[in-house]
Amino acid sequence: MLTLIPVWAGDRVHEFAMKLAGATYMEVHKAGGGINFTVTHTRGATEDQLLHLLLPRLHRMVRAGTTMAECKSGYGLDVENEMKMLRVLERARPLAPLTISSTFCGAHSVPKGLTAEEATRLVVEEQLPAVKAAVEAGKMSVDAVDVFCERGVFSVEQSRAILQAGRRLGFLLNFHADELNPLGGAEMGASLGAEAMSHLEEVSKEGIAAMAEAGTVAVLLPTTAYILRLPTPPARDMIEAGVPVALGSDFNPNAFCLSMPLVMHLACVTFKLTLNEALTAATLHAAHALRKADTHGSLQPGKMGDMLVLDAPRWEHLVYQLGGADDVITHVIKAGRVVHTRPNPAAPSATP
Ligand SMILES: N=CN[C@@H](CCC(=O)O)C(=O)O
């Protein structure tokens, strides 16, 4: 169960209100809000402050049944602050009972005062090598590279340059493609053999075919499509074409959701996934997006033994009871060890 950008300071409730009143995501972004608002606040926070904000978020995810998460950077946008975010994730590993897979997203937005071309060069020539050096020195573990490939952010060609540089350094590719505009990001990513791409609301038929051919996982993020009132991604076309579909919470200041059962519910209702498809998307396919399906994502001999115990006659209650996961889940088990028990065991059963 995966994908979020959990290390940040400064909420964006004011922008939520603007978007409810009709402002689009890119209108807020171009006015200097959105990601760059969070960058200012995250740059201004210390590592300790960011860790203090991160840990309760991770624990809240665990209580809602998440045992592994892809956590991205992306609110630093320069060497110093991207490394700070990655270090915070590193410090959180022993303090939170879930597996963290880190993704470097230094190309999440174009920092104030730079062109996209200049920012691309800095990501390739300064940030990626700094991340690689820290990994090689054993200071952190980073699995993947991400880019926000979008009109007004990084173009397809700039994104390609960043992803190729990441690939040369040995990272997995797991990036934002075709979210708000159909730019051909999926086709580009598939040509590089990207392991996963997210959002994909605007993916083309050709992009879906290319992803199926390349074995790329589609990471769909129903909270964001819902909050931004975007068209839904063609999930059924992807499934029919043989693209493995995964689900992510996409927790970030734009989409404040830490509950995968809620995400599964939204995916069933708005993206038309069946309950079984949503379960596979949130577990096995999610693990495969991170290339961790040999150890995570299903209950099989030799895997981690991550599981949930439910107080329900059928597992589907986890999704059916909208917003009710905290009551349905009685235990969260990580690597065979109970890491969360529902408070007040004397409470009446969650099953009606
Ligand atoms: N779309 C780009 N990135 C994030 C949103 C980040 C933000 O708005 O702070 C996402 O995946 O939803």
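Residues numbered from 1 in each chain as written. Predicted model: local features only at pLDDT ≥ 70, side-chain atom pairs only at ≥ 80, totals over all residues. Heavy atoms only, no water.

Some thoughts on the environment of Phe104
Of note, Phe104 is situated in strand E3 (residues 99-107). Along the primary structure Phe104 and Thr232 are separated by 128 residues, whereas in three dimensions their C-alpha atoms are 27 Å apart. If we ignore the near neighbours within four places in the chain, the residues touching Phe104 are Ser73, Glu82, Leu86, Val123, Gln127, Leu128, Val131, Val142, Ala144, Val145 and Asp146. (Helix = DSSP H or I, 4+ residues; strand = E, 2+ residues; numbered from the N terminus. Contact = heavy atoms within 4.5 Å.)

Some thoughts on the environment of Gly166
Following the sequence through the fold, Gly166 ends up in helix H7 (residues 156-168). Distance from Gly166 to Glu82, taken between C-alpha atoms, is 15 Å for residues 84 residues apart in sequence. Dropping the residues within four chain positions of it, Gly166 is found in contact with Leu128, Val145 and Phe171.

Considering the UniProt feature "domain: Amidohydrolase-related" (unreviewed entry) in the chain
Taking the numbering used here, the UniProt-annotated feature "domain: Amidohydrolase-related" (unreviewed entry) corresponds to residues 60-339. Taken end to end, residues 60-339 is 41% helix and 19% strand, and its first and last C-alpha atoms sit 12 Å apart. (UniProt positions renumbered as here; feature names shortened; annotations may be inferred.)

Observations regarding the site of the ligand
Close to the ligand lie 14 residues, the nearest being Arg12, Tyr25, Tyr75, His176 and Asp250. Contact distances for the ligand include 2.8 Å between an oxygen atom and a side-chain N or O atom of His176. Between an oxygen atom of the ligand and a side-chain N or O atom of Asn252, the distance comes to 3.3 Å. Protein burial of the ligand: of its 330 Å² of free accessible surface, 99% is covered by the chains. The class makeup of the residues in the shell around the ligand is 5 nonpolar, 6 polar and 3 charged. (Near = heavy atom within 4 Å. Polar contact = N/O pair within 3.5 Å; in protein donor to acceptor, adjacent residues only side chain to side chain. Areas by Shrake-Rupley, 256 points an atom, 1.4 Å probe, with all protein chains shown as cover. Nonpolar A, V, L, I, M, F, W, Y, C, P; charged D, E, K, R; others polar.)

Topic: the nonpolar core
Grouped together as the largest cluster of nonpolar side chains are 94 residues, with contacts concentrated most on Leu58, Leu200, Leu220, Met238, Leu247 and Leu273. By residue number, the principal contributor to this core is helix H4 (residues 47-63), which donates 7 residues. (Core = buried A, V, L, I, M, F, W, Y, C linked by side-chain atoms within 4.5 Å. Buried < 20%, exposed > 50% of the residue type's maximum accessible area, 1.4 Å probe, protein only.)

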